Amino acid sequence: MSVLGKSPKRVESKAKVTGRTEYVMNMEMPGMLHIKVLRSTIPHGLVKRIDVSAAEQIEGVVKVVTGEDLKSMNINPYFGPAFRDQPVLAIDKVRYVGDPVAAVIAQDPKIAADALNYIDVEYEELEPVFDVLEAAKEGAPIIHEVIRPAGSFADLKNLLPKENSNVSIHFKLRHGDTQKGFEEADHIFEDTFTTPPAVHLPMEQHVALAYVEPDGRMNLWTANQSPSFVRSEVAHVLNIPESRLRVRVPYLGGGFGTKLYVKIEALVAVCALIVRKPVKLALTMEEVFITLTKHGTVFKMKTGVTNDGRIVARHCAVYWDGGAYADIGPRVTQKSGFTAAGPYDIPNVDIDSYQVYTNKAPAGAFRGFGIPQLVWAYESQMDIIAEKMGWDPLDFRRKQVLVEGSTHATGQKMTSVGLDKIIEQLNTSIGWEEYFAKREQGLIKKNGSKIRAKGVAIGLKAVLTPSISGAIVNLFADGSASVYCSTVDMGQGSDTMMGQIAAEVLGLPREKVHVTHPDTDFTPYDTITAASRSTFYMGNAIYKAAEEVKKQILDFAANHFSVQPDQLILKDEKVIMADQPELNMTLKDAIKGIFHMPAGAVIGRYVFESHYKSPDPETGQSDDVAIFWFPGGTAVEIEVDTETGKIDVLQLISAGDVGKAINPFLVHQQLYGAAIMQLGQALFEECQFDYGQMINANMADYKVPTFKDLPQHNETIIVEVPHPEGPFGAKGVGETATFGVMPAIASALYHATGARVKDIPLTPERVLRAIKEAENSASSSEKQTIKG
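**Q** In this structure, what is going on with helix H7 (residues 227–238)? I would like to understand it.
**A** In an α-helix, one turn spans 3.6 residues; hence positions three or four apart end up facing the same way. Compared with an ideal rise of 1.5 Å per residue, which puts 12 residues at 16 Å, H7 spans 16 Å between its outermost C-alpha atoms and is within 8% of the ideal. Considered for burial, the residues of H7 that qualify are Pro227, Ser228, Phe229, Val230, Arg231, Glu233, Val234, Ala235, Val237 and Leu238. Just downstream of H7 lies asparagine 239, where phi reads positive at about 65°.

Next comes the structure, spelled out in structure tokens:
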């Protein structure tokens, strides 16, 4: 009755489709008040005066809170996962259009929203800086005069901020001798690629509800991906012990990184502390846009290759536009930064990765954690090189792709990394060899102004390391079990999959295992639910905790049967003698025997913590920088209309090495969802700014994929290269299919039209302009040839 590798129905499916799932957005409490936030209308400036008197005279308004109120409280008003640089409300200064300045607490959300219009704020404007390269220069307007390291995570403690600079972090990696490598190269390629900020747009907005118990203990319900961190960071803000703060998270209506760490929770808790009544803040969708974005990037890449097709040197300079506050950008800068040279065995690599403050909306974690921005650049350049040199781009990748036992540019030896298998799966599925041979013969599919072509790209990500996950497994007297863990189910099906792991170990059907939702009073610490880490980290914690339960059961049964524990197995809700199946006892009887009554619970606990060696601060070298790596790849067939520039994706094939698919259906869903999300990033999603103000911060002006944009054919391919330390060999999968979508489509566009685009997204306007430029360039070359 093994449940491993099976796909039972998601445990929450019926509740979701019948509208019975619990979300914070729907929660109400007696006497609950509502919060609305006044936001800065300028990108950079000093707050000279705030007059709230008129707003506080409105009937139904209970209190208007400003930064001046925070100064008078016994709290720590700044928060953040890397640097504590973000105030609960603006204190003396604002740093972007949308920066929270004041909070109205009222009996009704409409009253609170109306009262915002009666708050008078006087600013002294300061010079802003919006361009990431300009902001990184010496002499640029300084956005943060003081930066406070948070010290919350072990991997960030060595990342110290630069003072008097908008470059908050400069991560360096030095591998081999790039100067020598470029001298040995027969050809050198230099390119610059850019990606814009974009937004996550989960269906559920940020929302939190806080109240203070009669004894002064704070309670917080929140739609957040990191309840353990919220507890520690909000406790720091409130200046209280963590034991005086309870954080609970039900189901999330999506997250994708925007609900990581602290976003609105500190403000809601402070307001509850002030009014001593339940308070709730639910952001509007327009506010979600300016709460957190994906990092915009500028990636300057220089690559040296030999005539026989080997990459011998690569230098990468990546500038991450972090916006007004660092959030988790320093981690993106380091952990994604050290993969910037690509999934290739390159002997000489230099990487300089910069996190830069600008006067735009803050940037932070976004599905893929910076890797799609990097893959866009290095895979686009792989195609540029292959085309220039006359090589098959897939063969060019094969020649230097990292394989088992290869050494990554960080100095770590690769384990369980199925890049070569992914390449072959994509090659077969998209029919690459036949397509490329025909293309070389000049045979392309064309129907009027529409041309079809194919493209392929691969990428590699390191999982968040170091990291911690704890779990408790209770086996009850009736033979059912509960799993206590702080993994947040935000649509990825973690409740179902985590229950499968416990069920597999304990020999139970999946439906007999319940997985609790995060409650910091009861569920153990978990770093975050993000970064494709939960299956590996929390899966290991649950596996080990269940094994502890299993050991107690087997020890009792072995004594009962007068055999050794290793002669027994748990299967079909029984303890069974492996070579004498007729000799068995039910789990109920085993527990009854342990406690001498039909009551009690057998408990297992485990905290899984990864091994890790911090990278050298000067060279970025570490032979243990990530506990596992996960590769992904994408193949596409597109049709581009050369008269309009519109791209239609006809085939979208996503392959990912997941180690072991514990629940194959959920894995396919993750691959498919990640690829479609990235499709929007490739074709039309971008945040547009006018003097720091996001001018398309609404669902009417910001385009996301709809059913009309879906490819005619979608395929998801599970590659399994088991990891020796994963639960049953499993790794993560949530981000795997995000890596290669953008460069694969751009590659196909080039094959179809000769237009090479280095700035994403591939909007019809940008594509049409590139096609015209390519045609003009080809025409100019022909004229020069004739003249010669």
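**Q** Teacher, can you tell me more about unusual backbone geometry here?
**A** Trans is the prevailing form of peptide bonds, just as negative phi is the prevailing case for residues other than glycine. In this chain, threonine 465 is followed by proline 466 through a cis amide linkage whose omega measures 0°. Proline 761 follows isoleucine 760 through a cis peptide bond whose omega is 10°. Relative to the helices and strands, proline 761 is located in the loop between helix H19 (741–753) and helix H20 (764–787). Of note, the phi angle at leucine 201 is positive, near 55°, even though the residue is not glycine. Mapped onto the elements, leucine 201 comes out in the loop between strand E10 (187–195) and strand E11 (207–212). The residue arginine 276 is not glycine, and still its phi comes out positive at about 60°.

**Q** Can you help me understand the nonpolar core in this one?
**A** One broad rule of soluble globular proteins: the nonpolar side chains tend to lie buried together. Ranked by internal contacts, the top residues of the largest apolar core, which has 229 residues, are Val279, Leu475, Ile542, Val575, Ile745 and Leu762. Top element by residues in this core is helix H16 (residues 534–561). It accounts for 13 residues. Val64, Ala102, Val104 and Val121 belong to the second-largest nonpolar core, a separate cluster that totals 19 residues.

**Q** What should I look at first to understand the packing of helix H11 (residues 371–389) against helix H12 (residues 393–400) in this one?
**A** What describes two packed helices is the angle between their axes and the distance between those same axes. Two elements in contact, H11 and H12, have axes separated by 9 Å at closest approach and are oriented at 115°. Judged on the interaxial angle alone, H12 and H11 are roughly perpendicular. Like other packed secondary-structure pairs, H11 and H12 cross with a definite hand, here right-handed. Of H12, the residues touching H11 (which contributes Glu379, Met382, Asp383, Ile385 and Ala386) are Pro393, Phe396 and Arg397. Taken together, the residues of the contact of H11 with H12 sort by class into five nonpolar, no polar and three charged.

The rules behind each value
- Residues numbered from 1 in each chain as written.
- Predicted model: local features only at pLDDT ≥ 70, side-chain atom pairs only at ≥ 80, totals over all residues.
- Heavy atoms only, no water.
- Helix = DSSP H or I, 4+ residues; strand = E, 2+ residues; numbered from the N terminus.
- Expected span 1.5 Å × (residues − 1).
- Buried < 20%, exposed > 50% of the residue type's maximum accessible area, 1.4 Å probe, protein only.
- Core = buried A, V, L, I, M, F, W, Y, C linked by side-chain atoms within 4.5 Å.
- Axes fitted to C-alpha atoms, helices over the stretch in contact; angles between N-to-C directions.
- Parallel < 35°, antiparallel > 145°, perpendicular 65-115°, else oblique.
- Left-handed = near helix turned anticlockwise from the far one by under 90°.
- Contact = heavy atoms within 4.5 Å.
- Nonpolar A, V, L, I, M, F, W, Y, C, P; charged D, E, K, R; others polar.

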